[in-house]
Amino acid sequence: MDGKIRKRAIMLLLIAMTVLAAACSKKEAADPSPSASESVAPSASSVAESPTAGEEADPFGKYDPPITLSTVKILCDCSKFAPGETADKNIWIDGYLKDLGIDMKVKWSVVGNQPGGAGEQKLNVSIASGDLPDIIPVGAKQLKQLVDAGLAEDLSGLLEKYGSPQLKKFMNDNGGLALKTATFDGKLLALPDPAASIDVAALIWVRKDWLDKLGLPEPKTMADVLSIADAFTNKDPDGNGKKDTFGLGLTKDLYGTGLYDLTGFFEGYHAYNTWIKDESGKLVYGATQPNMKTALGKLQEMFKAGQIDPEFGVKDNTKVNESVVSGKIGMEFGAHWNAFYPFPDAYKQDPTADWRPYPIVSADANPAVPSVGLGINKEQIDQAYFVFKKGSPHPEALIKLANYYVDKEYGFETGGYDTQFHQPIDKDGNNPDGYSRWPLAAVIVADPNQNINIYRGVKAIMENNDQSAMKNDSAAGNYKLVADFMATKNPASYANALWAAPDNSGLSILQYYLDNNLTTSNQFYGSDTPTMVQKKATLEKLQLERFTKIIMGGSLDMFDQFVSDWKKLGGDAITQEVNDWLAAQH
């Protein structure tokens, strides 16, 4: 019942469209020609000695003689690898042996990491049969299966003993929520791949040129948002003498995509699609609370007034993008990465289309507080968590592999950052062939603050000429693109400027939220409860269908019936389960 935080396909498009230097949050990539080699179990003679009690552990200590470990790779078909690199033959595999003394074998690799895809199915078979590698990349549901089966090694003391300072920092960012999602009965049973909580916060994107043309103020309240939507619909902002524009972009998905997403609109009325605490401290599902009914009532008014496309219920993001690019929509609620998709196409079509991001706003005197993530992408199938198979030798190697990844990808201060482990680029700093290297690593641990750190670096360089910020290649690359756009209005640099400029950028709004402590997270961060596993899909479908009907003119009383049906169809049982979980945390 967490609600969908990101639409994977949209984020993949973001990566595909982002200049390499942007280094946005890392997502799935494909191995176009996956090959597999069977794991070789380590022999007694190949196992190096671990540090003895009291001996200080080296986070990057090399095994001598080398040890052999196995893993599997579940890849997507969205990008490709450099010539000669495959799932089991690449720079990471070579580096592990050379630098760590770990001979990594890939038992199998498969393309298809979408929910229910080939990767999830194959891994389910492996879990059922017990034919597992030493390092098992899993999603939240499969993590719970391994934990319940007693197949996950306890990593609690190993992270503290072997983790590098940078790895520990990543794990403890965002309040350490990522680690909490991998902790069962006080034991850390997997290493999570952290994500930035703030990255999913909602923004309002508005055509500033339309505001200026119609003499409208920038949005400060929900009343302003409603007035803007009305004016963009009825006052001919495109100047063609026709009533052919809409005040608010919306798709059939309604929420959870990060694009044309009602999450930020709901939050303006303090309504949440997450588990929140009521006045008694109990957990309740936000989408069933009265504030949600109020928000839906406002959307229904907007729909009846023609401010929302009457065909939104059958349109996906691609279709709505066409309306944005052709200048027929002037406002939408979305994420920071909308700077890369779809606004660059709108700019190319019409350079006067001045899309600007703003913080979400409130309908009353209380500030609007955007919901943020749990510090991990729990929907991700293949690389949300890394489990070490219980009983396999050298579980500390999992931590060392994570240290290695973090250092090669983000070791700007340690000197470990190595461009060879990054996407191949041309002389202009671009990645024209779309090659990827990071997905081939056996253990992946992203910097949960990588995007906001890019913004802070760009701001430090541009406003204070802070050359130390240039150590971060991603910040330096974005700085060059932002500066280029400011000087030349080059369409090729537009997206990065809209994303990372010191002011009026997607990331600047996220920094505003952080500076003003304007974030709230899902209050339930445990694994799906038994009833969730059985009923979540049904309840999510029920919610989407009823909310859509209400917006399109159905009786507002339908919301009360939705709440009643939700409770009967499993919601009450889930509510009891999440509150039982909450009680167990204390």
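Residues numbered from 1 in each chain as written. Predicted model: local features only at pLDDT ≥ 70, side-chain atom pairs only at ≥ 80, totals over all residues. Heavy atoms only, no water.

## Examining the packing of aromatic side chains
The condition that has to hold: For this analysis, a ring pair means two rings from Phe, Tyr or Trp (six-membered ring only for Trp) whose centres lie within 6.5 Å, classed as stacked if their planes differ by under 30 degrees, edge-to-face if by over 60, and tilted for the remaining angles. Strands are runs of DSSP state E lasting at least two residues, helices are runs of H or I lasting at least four, and both sets are numbered from the N terminus onward. Here's how the labels work: a residue is buried when its accessible area is under 20% of the maximum for its type, exposed when over 50%, partly exposed in between, all with a 1.4 Å probe on protein chains only.
Evaluation of the coordinates by the stated rule reveals 30 aromatic pairs. On the numbers, 4.9 Å between centres and 75° between planes, the contact of Phe524 with Trp581 is edge-to-face. Residue Phe524 is found in the loop between β14 (520-521) and α19 (530-551), and its partner Trp581 is found in helix α20 (residues 558-584); the two are separated by 57 residues along the sequence. Judged on exposure class, the residue Phe524 and its partner Trp581 are both buried. Between the aromatic rings of Phe547 and Phe562, the centroid separation amounts to 5.2 Å while the plane-to-plane angle is 70°, which identifies the pairing as edge-to-face. Residue Phe547 is located in helix α19, and its partner Phe562 is located in helix α20; the two are separated by 15 residues in the primary sequence. The class for Phe547 is buried, based on a relative accessible area of 0%. A relative accessible area of 0% places Phe562 in the buried class.

## A short note on α19
Heads up, the rule is: A helix is expected to span 1.5 Å for every residue after the first. By definition, a residue's bend is the angle between the axes fitted to the seven residues ending there and the seven starting there. Here, residues are in contact when the closest pair of their heavy atoms is within 4.5 Å.
Across its 22 residues, α19 extends 32 Å between first and last C-alpha, which sits within 8% of the 32 Å expected from 1.5 Å per residue. Considering bend angle alone, the principal kink of α19 is centred on Lys536 and spans about 55°. Restricting attention to buried positions, one finds in α19 the residues Thr531, Met532, Leu539, Leu542, Gln543, Arg546, Phe547, Thr548, Ile550 and Ile551. Packed against the buried residues of α19 are α10 (263-268), β8 (275-277), β9 (283-285), α11 (290-304) and α20. Looking one or two places after α19, you find Gly553, whose phi comes out positive at around 115°.

## A look at the environment of Glu322
Its place among the elements puts Glu322 in helix α12 (residues 317-325). Measuring from C-alpha to C-alpha, the distance between Glu322 and Ala346 comes to 9.0 Å, with 24 residues separating the pair along the chain.

## Overview of the side chain of Ser508
Where we set the bar: What qualifies as a polar contact is a pair of N or O atoms within 3.5 Å, subject to a donor-acceptor requirement within protein and to the restriction that residues adjacent in sequence count only when both atoms come from side chains.
Residue position: Ser508 is located in helix α18 (residues 506-515). For Ser508, the side chain forms a polar contact with the main-chain oxygen of Ser505, separated by 2.7 Å. In this structure Ser508 touches Tyr455, Ala501, Pro502 and Asp503, once residues within four positions along its chain are discounted.

## Side note on the sheet that holds strand β7 (residues 203-207)
Strands in a sheet are paired, the pairing made by backbone hydrogen bonds, and the direction either parallel or antiparallel. Here is the rule we go by: Strand pairing is assigned whenever DSSP detects at least two bridges linking the two strands. Axis geometry follows a simple rule: fit a line to the C-alpha atoms, using only the stretch in contact for helices, then measure angles between N-to-C directions, giving values from 0 to 180 degrees.
Reading across the sheet, the 3 strands line up as β10-β7-β11 and stay open at both edges, with antiparallel pairing between neighbours. Two strands lie at the open edges of the sheet, namely β10 (331-334) and β11 (355-359), each paired on one side alone. Sheet twist, expressed as the average angle between the axes of neighbouring strands with direction ignored, equals 30°. The pairing of β7 with β11 spans 5 bridges and is antiparallel. Within β11, the position partnered with Arg207 by the bridge is Trp355.

## What about the pattern of salt bridges?
Note the cut-off: Definition used for salt bridges: Asp or Glu carboxyl oxygen within 4 Å of a side-chain nitrogen of Lys or Arg.
Counted under the stated rule, the structure contains 25 salt bridges. Notably, a salt bridge pairs Asp148 with Lys144, separated by 3.0 Å at the nearest N-O pair. Here the residue Asp148 and the residue Lys144 both occupy positions in helix α4 (residues 140-148), the gap between them amounting to 4 residues, near one helical turn. We classify Lys144 as partly exposed; its relative accessible area is 29%. Residues Arg207 and Asp350 are paired through a salt bridge, measuring 3.7 Å at the closest nitrogen-oxygen approach.

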